[in-house]
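Residue-level structure breakdown
What follows is the residue order along each chain.
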Amino acid sequence: MPAIEIHKVTANIGARIVGVDISKPLDEETAAAVREALNLHKALVFDEVNLDDEGQQAFARHFGDLTTAHPTVPAVEGDPNVLPVDSERGRANHWHTDVTFVLNPPQASTLRSLTIPPYGGETLIADAAAAYRDLPEPLRRLADTLWAEHTNDYDYAVPDEAIDEEKAAQRAQFTSIRYRTAHPVVRVHPLTGERGLFIGGFAQRIVGLSVPESRRILDLLQAYVTRPENILRWRWSENQLVLFDNRITQHYAIDNYDGLPRRLNRVTVAGDIPVGVEGKESYVIEGDASHYTTIAA
């Protein structure tokens, strides 16, 4: 087996992996090394991956069972596990962790570059564990006790007059099944034991507080997640794959490419039910996502 090289991209998050051909099945030793690198660096970049949709799914399966593409948004035609992340279908230019409005969001996400604009279109990935470590002790103690309600029917902060017919249809599809789930604001990672701020754009309210009160607290905590020191800013090239740990990161697709074509394909791995500092699991308030994902052991 060729030696795996791991090159850090920033101090807190991100590494490039060299010496692994992910277009072929990985032996257990290599797969374990990649999993260990993901636990440590939170986001991994692979160059010259030479994958099609089937190959991307085969690689993702090294981490567990796959989810379908999305609870409400259509998959790539003929491939129910692949979600097209296409600028023509909407832009995820808000901070979020994938699909946190369901009981057990994906444990990991893979993004593979297909069409890259000549400039812009970077993906930001933030380390939620570093954010938690950055909190002053009084804020950390508060965050440890809080729970947040996540929903796909979230505040887009876009005035109605800015929504055209196409965007209105996309929004209606996204919310065609309404989901509401309560998650701990501080999630304990099941493999590393690290604590991370588990919030992001789908977290709309702190359980027990009003929406305005919740917004102030969520904005305060979110500001630690999005500190520049905690962010990997990835400028895409064609034929790359980025793998990130969805349990302890957030991400944001920058809309800075003048409406030029931008297309990635996403495949996600089924996750476990989040657990807070006191050992309590997340719970569903509204919506059944069993058609979307199994629950990882």
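What counts as what
Each chain has its residues counted from 1, running along the sequence as written. The predicted nature of this model means local features are confined to residues of pLDDT at least 70 and side-chain atom pairs, given and counted, to a pLDDT of 80 or more, with totals for whole chains, interfaces and linings taken over all residues. Side-chain metrics in this entry use all non-hydrogen atoms of the structure; hydrogen atoms and water are not considered. Strands pair, by our definition, only if DSSP identifies at least two bridges between them. Helical segments are the DSSP runs of H or I of at least four residues, strand segments are the runs of E of at least two, and each set is numbered from the N terminus. Every axis in this analysis is a line fitted to C-alpha atoms, fitted for helices over the stretch in contact. Angles between the N-to-C directions lie between 0 and 180 degrees. Burial classes: relative accessible area under 20% of the type maximum marks a residue as buried, over 50% as exposed, and values in between as partly exposed (1.4 Å probe, protein chains only). What we call a nonpolar core is a set of buried Ala, Val, Leu, Ile, Met, Phe, Trp, Tyr and Cys residues that are connected through their side-chain atoms within 4.5 Å. The criterion used for residue contact is that any of the two residues' heavy atoms lie within 4.5 Å. By salt bridge we mean one thing: a side-chain nitrogen of Lys or Arg within 4 Å of a carboxyl oxygen of Asp or Glu.

Remark on secondary structure: sheet strands pair via backbone hydrogen bonds, oriented parallel or antiparallel. The antiparallel open sheet is built from 3 strands, whose spatial order is 12-6-14. Each edge of the open sheet carries a strand with a single partner, namely strand 12 (231-234) and strand 14 (249-253). On average, each strand axis in the sheet is tilted by 20° relative to the strand beside it, whichever way the strands run. As paired elements, strand 6 (residues 123-127) and strand 12 share 4 bridges and run antiparallel to each other. Opposite L124, over in strand 12, you have R233 as the bridge partner.

Most of strand 5 (residues 108-115) is tucked away, with 6 of its 8 residues classed as buried. Relative to strand 13 (residues 241-245), strand 5 runs antiparallel, the two being bridged by 5 bridges. Across the sheet, the residue bridging to R112 is L241, located in strand 13. Relative to strand 15 (residues 263-269), strand 5 runs antiparallel, the two sharing 7 bridges. Each residue of the ladder has a partner; that of T115, found in strand 15, is R263.

The biggest cluster of nonpolar side chains holds 24 residues, and the ones touching the most others in it are I22, L44, F46, F59, F63, L241 and L243. Where this core is concerned, the elements lending two or more residues are strand 2 (15-18), helix 1 (28-41), strand 3 (43-46), helix 2 (53-60), strand 13 and strand 15. Excluding anything up to four places from it in sequence, L44 contacts A15, I17, V34, A37, L38, L241, V242 and L243. Ranked by size, the runner-up nonpolar core spans 22 residues in total, among them L139, L146, A148 and L197.

In this section: unusual backbone geometry. You will see that V99, though not glycine, has its phi angle at about 55°, which is positive. The phi dihedral of N239 falls on the positive side, at around 70°, and the residue is not glycine. Structurally, the position occupied by N239 is in the loop between strand 12 and strand 13.

One pass over the full model with this rule turns up 22 salt bridges. Here R195 ties to D144 by a salt bridge, and the two come within 3.3 Å at their closest N and O atoms. In this pair, R195 is assigned in strand 10 (residues 195-197) and D144 in helix 4 (residues 137-145), connecting sequence segments 51 residues apart. As a salt-bridge pair, R178 and E286 come within 3.1 Å of each other at their nearest N and O atoms. Remark: E286 occurs in strand 16 (residues 283-286) and R178 occurs in the loop between helix 5 (165-174) and strand 8 (180-184); sequence separation between them is 108 residues. Exposure remark for R178: the relative accessible area of 38% places this residue in the partly exposed category. Within the structure, one salt-bridge network assembled from shared partners comprises E149, D153, R178, R180, R205 and E286.

Strand order in the open sheet formed by 4 strands is 11-7-8-16, with antiparallel pairing between adjacent strands. Strands with a single pairing partner mark the edges of an open sheet, and in this sheet they are strand 11 (203-206) and strand 16. Across the sheet, the mean angle separating the axes of adjacent strands is 30° when strand polarity is ignored.

Tracing the sequence through the fold places Q222 in helix 6 (residues 211-225). Since its relative accessible area comes to 15%, Q222 is described here as buried.

So far we have only geometry, and geometry alone does not tell us how the molecule works.
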